[in-house]
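# Observations on the three-dimensional arrangement
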Amino acid sequence: MIKQRILVLLTGLAFLGYGILTKEYLKVMRKAVTICLECIGIG
């Protein structure tokens, strides 16, 4: 049970690190801003 939790944690950290290295967070932020501006009616 504990081994499974550690495996899931390490997998999550690996994906998080990959996203940071490939700058995926910029794409996510850009999409979030666009959606927010569309909801308000500005974009």
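A brief structural summary. (Residues numbered from 1 in each chain as written. Predicted model: local features only at pLDDT ≥ 70, side-chain atom pairs only at ≥ 80, totals over all residues. Heavy atoms only, no water.)

## Looking at helix α2 (residues 24–40)
- Relative to the 24 Å expected for 17 residues at 1.5 Å per residue, α2 spans 25 Å between its end C-alpha atoms, a close match to the ideal helical length.
- Note on α2: the residue one or two positions beyond its end, Gly41, has a positive phi of about 100°. (Helix = DSSP H or I, 4+ residues; strand = E, 2+ residues; numbered from the N terminus. Expected span 1.5 Å × (residues − 1).)

## What about unusual backbone geometry?
- For Lys23, which is not glycine, the phi torsion reads 60° and is therefore positive.
- Overall, Lys23 belongs to the partly exposed group, its relative accessible area being 48%. (Buried < 20%, exposed > 50% of the residue type's maximum accessible area, 1.4 Å probe, protein only.)

## Observations regarding the environment of Val28
- One can find Val28 in helix α2.
- Of the residues examined, Val28 reaches a relative accessible area of 56% and is grouped as exposed.
- Sequence separation between Val28 and Ile42 is 14 residues, and the spatial gap between their C-alpha atoms is 19 Å.

## A few points about a nonpolar patch on the surface
- Together, Ile2, Ile6, Leu9, Leu10, Leu13, Leu16, Ile20, Tyr25 and Leu26 line one region of the surface with nonpolar side chains, adding up to about 920 Å² of accessible area.
- Of all the elements in the fold, those that place two or more residues in the nonpolar patch are α1 (2–21) and α2.
- With seven residues, α1 is the largest single contributor of residues to the nonpolar patch.
- By secondary structure assignment, the location of Leu13 is in helix α1.
- The partly exposed category is assigned to Leu13, whose relative accessible area is 48%. (Patch = residues over 30% accessible without salt bridge, like charges linked within 9 Å, V, L, I, M, F, W, Y side chains within 5 Å. Areas by Shrake-Rupley, 256 points an atom, 1.4 Å probe, with all protein chains shown as cover. Salt bridge = Lys/Arg side-chain N within 4 Å of Asp/Glu carboxyl O.)

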